[in-house]
Amino acid sequence: MNIPLSSYPRIVIIGGGFGGVSLAKKLSKKEVQVVLLDKNNYHTFQPLLYQVSTGGLEPGSIAYPLRKVLIGYDNFYFRLAEVDNVDPLKKKINTNIGDLSYDYLVVATGSETNFFGNEEIEKNAMSMKSVPQSLNLRSLILENFEQALLTDDYHERDALMNFVIVGGGPTGVELSGALAEIKKGILPKDYPDLDTRRAQINIVQGGDCLLPGFSAQASKKAEDFLEELGVQVWKGVRVTGYNGKTVTTKTDLVFETATVVWAAGVKGAGIKGLDAVDLIAGGNRINVNEFNQVKGHPDIFAIGDIACMVTEDYPRGHPMVAQPAIQQGKLLGENLERLLTQKSMKPFEYIDKGSMATIGRNKAVCDIKGYRFQGVFAWFVWMFVHLFFLIGFRNKMVVFINWVYNYIRFDREARLIIRPFRRDYSQFKD
Ligand SMILES: Cc1cc2nc3c(=O)[nH]c(=O)nc-3n(C[C@H](O)[C@H](O)[C@H](O)COP(=O)(O)OP(=O)(O)OC[C@H]3O[C@@H](n4cnc5c(N)ncnc54)[C@H](O)[C@@H]3O)c2cc1C
């Protein structure tokens, strides 16, 4: 990997997401050599992926070059590398560009879509965990309408304009709301020769409420907002299969659709070598102690989505959202310095800053430290918080200008099929 030897201890961070970047920033002025590895050369602001999928934002405004994060930091190295394996005994990692030894290793690989072992759904449904996946979804949505124009068969046309979003968490709710706004504000103008009123947006939730984990008030209001926008909300319905054409559920309900978006769960993006049964908690996350140290490996740490720190308040680990990753990254930066100077490390305590989700224009729900509010004010708070945490001044400006433009013009200009998603439409013909 051509990383020079140094008299400083080498800290290798796998993953430049929320956790990895906040740790790297914290280590910037310390007497350590830091090597950041990521399979992408950019950081992804995942909370806004749904806006890329629905043409509201270009991908460049929610992704940020990792090398730019490290500009001006001494003893920092970035390598574009996918880590395959960790060898804790040899204190070495194996990647697709070579091996690297470490003094301390931090696993910050985040999470990946969890299909709960259903291979049929995995093969046929769309995920929205990365920029390329969001672009695939954007292309598919637009290609479906182009295809719908070409058929006289109304069953086929309806299936092409039917969208099924599985999972009623923030991702499913935000995506459903955005699709409903496209249906209302954009499709009739873009496709005057298509009866786009027949387009359907269905959100299917296995549990009995949307936004589980939010207050009952927020959950109810999100459902009301979605219904106001014309989204069909199905609760208590478990999806069992999708063969590329028909969605089956545990009930009698079936959907004929060309598009299923799977937003029903994530699991830790684990790494070989750190996957022994006693290291892994539920959801494929790595068990860590209160210092984010991996059980039995004092020189290996895990932070963010991949880490499962069981506490009294969080018996199943912290929620897999950005704040635990950011806070754990910051504290670990301090703790690594303490470790190197023979001081005792500080235990992690999560500060829950609240939850929020947006459903559409002027429609959001916020639960922040006992305050529960919904509607226009919540929507402004949601926008402010997302702009604040977005990395990069240019990105903040571009996103802000886009939002103002989209608000005034009722538009989403990035509805472009740049990289077509090759869908086999033949199965809808019979
Ligand atoms: C669609 C969507 C919407 C979301 N909305 C919200 C929201 O509104 N609010 C909120 O708080 N959270 C939200 N989240 C969750 C939030 O994005 C995650 O909790 C957060 O990104 C976790 O940070 P992390 O650092 O653990 O991992 P990530 O940010 O996922 O970063 C992991 C990094 O590791 C890299 N990586 C993974 N495996 C390897 C490997 N083997 N080798 C090299 N590199 C690797 C990846 O490329 C990635 O850059 C959302 C997530 C999604 C998918």
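As annotated in an unreviewed UniProt entry, the protein carries the name NADH:ubiquinone reductase (non-electrogenic) and comes from Maribacter orientalis. Under the UniProt heading Sequence similarities (unreviewed entry), the entry covering the protein gives this text: "Belongs to the NADH dehydrogenase family." According to the UniProt record, the Catalytic activity (unreviewed entry) comment for the protein is "a quinone + NADH + H(+) = a quinol + NAD(+)".

Q: Just checking my understanding: could you explain the environment of Ser355 for this structure?
A: In this fold, Ser355 is placed in strand β24 (residues 355-360). The spacing of Ser355 and Ile368 is 13 residues in sequence and 6.4 Å in space, taken between C-alpha atoms. With residues near it in sequence (within four places) discarded, Ser355 still touches Phe214, Val365, Cys366 and Asp367.

Q: Would you mind showing me how to read the sheet that holds strand β25 (residues 363-368) here?
A: Taken together, the three strands give an open sheet; going across it, the order is β24-β25-β26, and neighbouring strands pair in antiparallel fashion. The open sheet terminates on both sides in strands that have one partner only, identified here as β24 and β26 (371-374). Taken over all neighbouring pairs, the strand axes of this sheet differ in orientation by 5° on average, direction set aside. Note: β24 against β25, five bridges, orientation antiparallel. Of the residues in β25, the one forming a bridge with Ser355 is Asp367. Packing against the sheet, helix α9 (residues 216-228) makes contact with β24, β25 and β26, and its axis sits at approximately 175° to β25.

Q: Would you mind going over a positive patch on the surface with me for this structure?
A: A contiguous patch of positive charge on the surface is contributed by Lys25, Lys26, Lys330, Lys353 and Lys369. By the element assignment, Lys353 lies in the loop between α10 (322-340) and β24. Since its relative accessible area comes to 43%, Lys353 is described here as partly exposed.

Q: I'm lost on the layout of surface pockets in this one. Help?
A: Over the atoms, a rolled probe matching the size of one water molecule traces out where space is still vacant. Approximately 460 Å³ is the volume found for the second largest pocket. Lining the second largest pocket are 24 residues, with Glu181, Gly360, Arg361, Asn406 and Arg412 positioned closest to its centre. Elements supplying a minimum of two residues to the lining of the second largest pocket: α2 (49-53), α7 (170-185), β24, α11 (376-389) and α12 (393-409). Per-element accounting of the lining of the second largest pocket gives the leading share, five residues, to α7. The class makeup of the residues in the lining of the second largest pocket is 11 nonpolar, six polar and seven charged.

Q: Looking at this structure, how should I read the UniProt feature "transmembrane region" (unreviewed entry) in the protein?
A: According to UniProt, the positions carrying the feature "transmembrane region" (unreviewed entry) are residues 376-393. As annotated, residues 376-393 has a helix share of 83% and a strand share of 0%, and its two end C-alpha atoms lie 25 Å apart.

Q: Help me understand the nonpolar core in this model?
A: Nonpolar side chains in soluble globular proteins tend to end up buried together. Ranked by internal contacts, the top residues of the largest apolar core, which has 69 residues, are Leu48, Phe145 and Val365. A per-element tally of this core places helix α5 (residues 131-148) first, with seven residues. A domain-level breakdown of this core finds at least three residues from each of domain 1 (10-39 + 81-113 + 266-341) and domain 2 (119-264 + 361-428). The contacts of Phe145, once residues within four sequence positions are left out, are Met161, Phe163, Leu187, Tyr191, Leu194 and Ala199. Among the nonpolar cores identified, the runner-up in size contains 27 residues, and Val107, Ile271, Ile300 and Ala302 belong to it.

Q: I would appreciate a short explanation of the pattern of salt bridges in the present structure.
A: Between side chains of opposite charge, pairing is possible as soon as their charged atoms come close. Summed over the entire model, instances satisfying the criterion amount to 12 salt bridges. A salt bridge links Arg197 to Asp195; the shortest N-O distance between them is 3.0 Å. Residue Arg197 is classed as exposed on the basis of its relative accessible area, which comes to 69%. As a salt-bridge pair, Arg415 and Asp411 come within 2.8 Å of each other at their nearest N and O atoms. On the accessibility criterion, Arg415 (27% relative accessible area) is partly exposed.

Q: Where do I start with the packing of aromatic side chains in this structure?
A: Where two aromatic rings form a pair, the distance of their centres and the angle of their planes describe that pair. The full count for this structure, using the stated rule, is 13 aromatic pairs. Ring centres of Trp379 and Tyr407 lie 5.3 Å apart, and the angle between their planes is 35°; on these two criteria the pair is classed as tilted. Of this pair, Trp379 sits in helix α11 while Tyr407 sits in helix α12, placing them 28 residues apart in sequence. Ring pairs connect the aromatic residues Phe145, Phe163 and Tyr191, which therefore count as one cluster. Positioned above the aromatic ring of Tyr407 is the side chain of Arg361, whose terminal nitrogen or guanidinium carbon lies 4.2 Å from the ring centre. Sitting over the face of the ring of Phe388, Lys396 holds its NZ or CZ atom 5.9 Å from the ring centroid.

Q: What's the story with empty space enclosed by the protein in this structure? I'm lost.
A: Throughout the structure, instances matching the rule amount to two cavities of 30 Å³ or more. Taken as a whole, the largest cavity encloses approximately 100 Å³ of empty space. Taken together, 14 residues form the lining of the largest cavity, with Thr54, Ile141, Leu142, Ile182 and Arg415 sitting closest to its centre. Elements represented by at least two residues in the lining of the largest cavity include exactly α5 and α8 (187-190). Here the residues of the lining of the largest cavity sort into seven nonpolar, three polar and four charged. Here the second largest cavity defines a volume of roughly 60 Å³. Considering the residues around the second largest cavity, the lining is formed by Ile141, Phe145, Phe163, Leu179, Ile182, Lys183, Leu187, Ala199 and Ile201. Sorting the residues of the lining of the second largest cavity by element identifies α5 and α7 as the ones contributing at least two each. Take the lining of the second largest cavity: its biggest share by element is three residues, from α7. Here the lining of the second largest cavity is composed, by residue class, of eight nonpolar, no polar and one charged.

Rules and cut-offs
- Residues numbered from 1 in each chain as written.
- Predicted model: local features only at pLDDT ≥ 70, side-chain atom pairs only at ≥ 80, totals over all residues.
- Heavy atoms only, no water.
- UniProt positions renumbered as here; feature names shortened; annotations may be inferred.
- Helix = DSSP H or I, 4+ residues; strand = E, 2+ residues; numbered from the N terminus.
- Contact = heavy atoms within 4.5 Å.
- Pairing = 2+ DSSP bridges.
- Axes fitted to C-alpha atoms, helices over the stretch in contact; angles between N-to-C directions.
- Patch = residues over 30% accessible without salt bridge, like charges linked within 9 Å, V, L, I, M, F, W, Y side chains within 5 Å.
- Areas by Shrake-Rupley, 256 points an atom, 1.4 Å probe, with all protein chains shown as cover.
- Salt bridge = Lys/Arg side-chain N within 4 Å of Asp/Glu carboxyl O.
- Lys, Arg positive; Asp, Glu negative; His and termini not counted.
- Charge placed at Lys NZ, Arg CZ, Asp CG, Glu CD.
- Buried < 20%, exposed > 50% of the residue type's maximum accessible area, 1.4 Å probe, protein only.
- 1 Å grid on protein atoms, 1.4 Å probe; cavity = no way out; pocket = protein on both sides within 12 Å on 5 of 7 lines; lining within 4 Å.
- Points joined across faces, edges and corners; volume = space filled by probe spheres on them.
- Nonpolar A, V, L, I, M, F, W, Y, C, P; charged D, E, K, R; others polar.
- Core = buried A, V, L, I, M, F, W, Y, C linked by side-chain atoms within 4.5 Å.
- Domains from an automatic or database assignment.
- Phe/Tyr/Trp six-rings, centres within 6.5 Å; stacked < 30°, edge-to-face > 60°.
- Lys NZ or Arg CZ within 6 Å of the ring centre and 35° of its normal.

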